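One-letter residues, chain by chain:
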Amino acid sequence: MEINTIINILKNELDAYRLNHSINVMEMAESLAKHYGADVHKARLAGILHDCGKNYQGDEAREYIKKIGYIADEVEIRQPKLLHGIIGENLAREKYRVADEEVLGAIRWHTTGKVGMTLLEKIIYVADYIEPLRSFEGIENMRRIAFEDIEKCIVYCSESTIKFILKKGVLLHKNTVDTRNYSLMIIRDRNEKY
Ligand SMILES: [Fe+2]
Ligand SMILES: [Fe+2]
């Protein structure tokens with residue numbers, strides 16, 4: 001499906017903020033893909049679709065994943081916002097006719113990240129965090145680091161998520177911790193300080 005066609009469909013699926021955010025993530029992902037030598041089209045496609053499952057919340061999200069046979073863990077069941085990547089991947093496959101596994105993986109893992117992400121998965125994870133609509137303390141620094149060292153940026157993003165989750169007092173998914181530790185180990189293995 002053409003990206004313009006997807007945007008036209010998403011106009012009816014997402015609220016204005018989420019649509020603008022998705023367009024921004026698409027553009028940020030394009031810049032990062034150019035910078036790091038990833039596939040620009042795949043980056044744009046994954047960027048525009050990464051939150052396409054965001055409308056499914058609460059019980060709707062729980063029912064959706066049951067329908068597709070995904071076995072959610074206890075944290076995902078109690079914190080169903082965590083499921084929108086899984087739902088998004090399924091919608092991308094079924095509704096938006098995306099067959100590319102790399103694009104589908106980037107949509108699936110964008111919320112928590114995971115151990116051993118591909119370059120495209122890293123790009124979408126980071127682009128989601130630093131797109132222009134995002135504003136929080138330290139964001140300018142994070143945007144700069146995204147283009148200097150994506151691995152370090154992943155550590156910053158996951159730490160920022162962890163701090164946010166702790167402040168909110170909600171459940172923290174282990175994949176976020178794994179994502180942080182894994183990127184930190186990569187950095188340490190390069191004998192660099194973080
Ligand atoms: Fe998301
Ligand atoms: Fe997002």
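Now for a description of the structure that goes with this document. Just so we're clear, the structure is a prediction, and the values are computed from it rather than from any experiment. (Residues numbered from 1 in each chain as written. Chains lettered and ligands numbered in written order. Predicted model: local features only at pLDDT ≥ 70, side-chain atom pairs only at ≥ 80, totals over all residues. Heavy atoms only, no water.)

### What about the coordination of the iron ion (ligand 2)?
Here's step 1: Distances from the iron ion (ligand 2) to its protein donors, namely H21 (NE2), H50 (NE2), D51 (OD) and D128 (OD), fall within the range 2.2 to 2.3 Å.
Here's step 2: What the 4 donor atoms of the iron ion (ligand 2) show is an angle range of 82 to 174° at the metal, which sorts the shape as irregular.
Here's step 3: Between consecutive donor residues of the iron ion (ligand 2), the sequence gaps follow H-x28-H-D-x76-D.
Here's step 4: The metal-metal distance between the iron ion (ligand 2) and the iron ion (ligand 1) comes to 3.4 Å, with D51 coordinating both. (Donors = N, O, S within 2.8 Å, 3.2 Å for Na, K, Ca; no water. Tetrahedral: all angles 85-135°; square planar, octahedral: opposite > 155°, others 65-115°.)

### Quick notes on helix α2 (residues 16-36)
Here's step 1: A rise of 1.5 Å per residue sets the reference length of α2, with its 21 residues, at 30 Å; its end C-alpha atoms lie 30 Å apart and thus fit the reference within 8%.
Here's step 2: Regarding α2, the residues found buried are R18, L19, H21, S22, N24, V25, M26, M28, A29, E30, L32 and A33.
Here's step 3: Where α2 is buried, its residues contact α1 (3-13), α3 (40-49), α8 (119-130) and α9 (139-148).
Here's step 4: Downstream of α2 by one or two residues, G37 has phi in the positive range, about 75°. (Helix = DSSP H or I, 4+ residues; strand = E, 2+ residues; numbered from the N terminus. Expected span 1.5 Å × (residues − 1). Buried < 20%, exposed > 50% of the residue type's maximum accessible area, 1.4 Å probe, protein only. Contact = heavy atoms within 4.5 Å.)

### Observations regarding the packing of α2 against α9
Here's step 1: The geometry of α2 relative to α9 is characterised by a closest axis approach of 9 Å and an angle of 35° between their N-to-C directions. Facing M28, S31, L32, H35 and Y36 of α2, the residues of α9 in contact are I145, A146, F147 and E148.
Here's step 2: For the contact of α2 with α9, the residue count by class is 6 nonpolar, 2 polar and 1 charged. (Axes fitted to C-alpha atoms, helices over the stretch in contact; angles between N-to-C directions. Nonpolar A, V, L, I, M, F, W, Y, C, P; charged D, E, K, R; others polar.)

### Some remarks on the coordination of the iron ion (ligand 1)
Here's step 1: The protein atoms donating to the iron ion (ligand 1) are D51 (OD), H84 (NE2) and H110 (NE2), with metal-donor distances spanning 2.1 Å.
Here's step 2: Ordering the donors of the iron ion (ligand 1) by residue number gives the pattern D-x32-H-x25-H.
Here's step 3: Taking the relative accessible area as the measure of exposure, H84 reaches 6% and is therefore buried.

### Overview of helix α10 (residues 150-168)
Here's step 1: The end-to-end C-alpha separation of α10 is 27 Å, in line with the 27 Å expected for 19 residues at 1.5 Å each.
Here's step 2: Along α10, the positions that sit buried rather than exposed are I150, E151, C153, I154, V155, C157, S158, E159, S160, T161, I162 and I165.
Here's step 3: In this structure, the buried side of α10 is in contact with α2, α8, α9 and α11 (174-189).
Here's step 4: Near the N-terminus of α10, the side chain that reaches the backbone nitrogen of E151, with its oxygen 3.0 Å away, is that of D149.
Here's step 5: A positive phi of about 75° marks G169, the residue just after α10. (Polar contact = N/O pair within 3.5 Å; in protein donor to acceptor, adjacent residues only side chain to side chain.)

### Some thoughts on the packing of aromatic side chains
Here's step 1: According to the stated counting rule, one finds 2 aromatic pairs in the structure shown.
Here's step 2: For the ring pair Y56 and Y64, a centre distance of 4.8 Å and an interplane angle of 65° mean the geometry is edge-to-face.
Here's step 3: Classification of Y64 as buried rests on a relative accessible area of 7%.
Here's step 4: Between Y129 and F136 the ring centres are 5.7 Å apart and the planes differ by 85°, which places this aromatic pair in the edge-to-face class.
Here's step 5: Y129 sits in the buried class, given a relative accessible area of 15%.
Here's step 6: Here the guanidinium or amino end of K67 rests over the ring plane of Y64, the centre of that ring lying 4.7 Å away. (Phe/Tyr/Trp six-rings, centres within 6.5 Å; stacked < 30°, edge-to-face > 60°. Lys NZ or Arg CZ within 6 Å of the ring centre and 35° of its normal.)

### Topic: the side chain of E131
Here's step 1: Mapped onto the secondary structure, E131 falls in the loop between α8 and α9.
Here's step 2: The side chain of E131 is buried and forms no salt bridge, while R134, the nearest opposite charge, is found at 4.7 Å.
Here's step 3: Apart from residues no more than four positions distant in its own chain, E131 is found in contact with H21, N24, V25, M28 and R143. (Lys, Arg positive; Asp, Glu negative; His and termini not counted. Salt bridge = Lys/Arg side-chain N within 4 Å of Asp/Glu carboxyl O.)

### Concerning unusual backbone geometry
Here's step 1: Backbone geometry at R97 places phi at a positive 55°, although glycine is not the residue there.
Here's step 2: Residue position: R97 is located in the loop between α6 (84-94) and α7 (101-108).

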